[in-house]
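Structural overview
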Amino acid sequence: MDSVLPLRRFASWVIDRLAFLGVGAAILYLVQELDSRLGIRGPDSVNFDVYDLLTIQVPLALVITYVLWIFVIIRIGQPGRRLTRTEIRRYRGGGAGLPRKLVRAVVKIALHLTLIGLVIDAVFILRDQRERRSIPDLMAGTMISTRRG
């Protein structure tokens, strides 16, 4: 395993999270603007802004952001992977292919919806000093490697 790979993997993770948060914030802003223009309101006994934010706007923005994120992964790949010149490959060699990348992305999203899932995934990466494969990597039969060429 490339000795620079753990640093690249971490940098890729940071870049992807920042991109995801930026896209999510932009989508939340658009959802809030659409909500204010359409005049959707919650029950009279609840503060409208907090109720709308927590029950309508944030969940809708998260769903849209995750769907968009999976679309980006399928079409062009993760921005962090492209910038750090790492790639997802099959564990036994060769390209990962779309089905494996999709399984990996869905499992990673499901794990990272909760803090405990994020921590468990990080523990799996750190437990094996040689391969550093995460839970999504184990389930999809993939690994992270430096890009060839």
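Since we're looking at a predicted model, the values are computed, not measured.

Two faces, one strand: in a regular strand the side chains alternate between the faces of the sheet. Here strand β1 (residues 86-90) lies mainly inside the structure; four of its five residues are buried. Here β1 pairs with strand β2 (residues 142-146) via five bridges, running antiparallel. Across the sheet, the residue bridging to E87 is S145, located in β2.

A grouping of I74, L98, L102 and V106 is seen on the molecular surface, where their side chains present a nonpolar patch of about 300 Å² in accessible area. Topologically, L102 is positioned in helix α4 (residues 97-112). L102 sits in the partly exposed class, given a relative accessible area of 33%.

This paragraph deals with the packing of aromatic side chains. For the structure on display, the rule yields three aromatic pairs. Judged by centre distance (6.2 Å) and plane angle (20°), the ring pair of F10 and W13 falls under stacked. You can see F10 and its partner W13 sitting in helix α1 (residues 5-38), three residues apart, about one turn around the helix. A centroid spacing of 5.7 Å and a plane angle of 90° characterise the contact between F20 and W69, whose relative ring orientation is edge-to-face. Of the two residues, F20 sits in helix α1 while W69 sits in helix α2 (residues 48-75), which places them 49 residues apart along the sequence. W69 carries the same exposure label as F20, and that label is buried. Above the ring of Y91, the side-chain terminus of R133 is found at 3.9 Å from the ring centroid.

About the cut-offs
- Residues numbered from 1 in each chain as written.
- Predicted model: local features only at pLDDT ≥ 70, side-chain atom pairs only at ≥ 80, totals over all residues.
- Heavy atoms only, no water.
- Buried < 20%, exposed > 50% of the residue type's maximum accessible area, 1.4 Å probe, protein only.
- Helix = DSSP H or I, 4+ residues; strand = E, 2+ residues; numbered from the N terminus.
- Pairing = 2+ DSSP bridges.
- Patch = residues over 30% accessible without salt bridge, like charges linked within 9 Å, V, L, I, M, F, W, Y side chains within 5 Å.
- Areas by Shrake-Rupley, 256 points an atom, 1.4 Å probe, with all protein chains shown as cover.
- Salt bridge = Lys/Arg side-chain N within 4 Å of Asp/Glu carboxyl O.
- Phe/Tyr/Trp six-rings, centres within 6.5 Å; stacked < 30°, edge-to-face > 60°.
- Lys NZ or Arg CZ within 6 Å of the ring centre and 35° of its normal.

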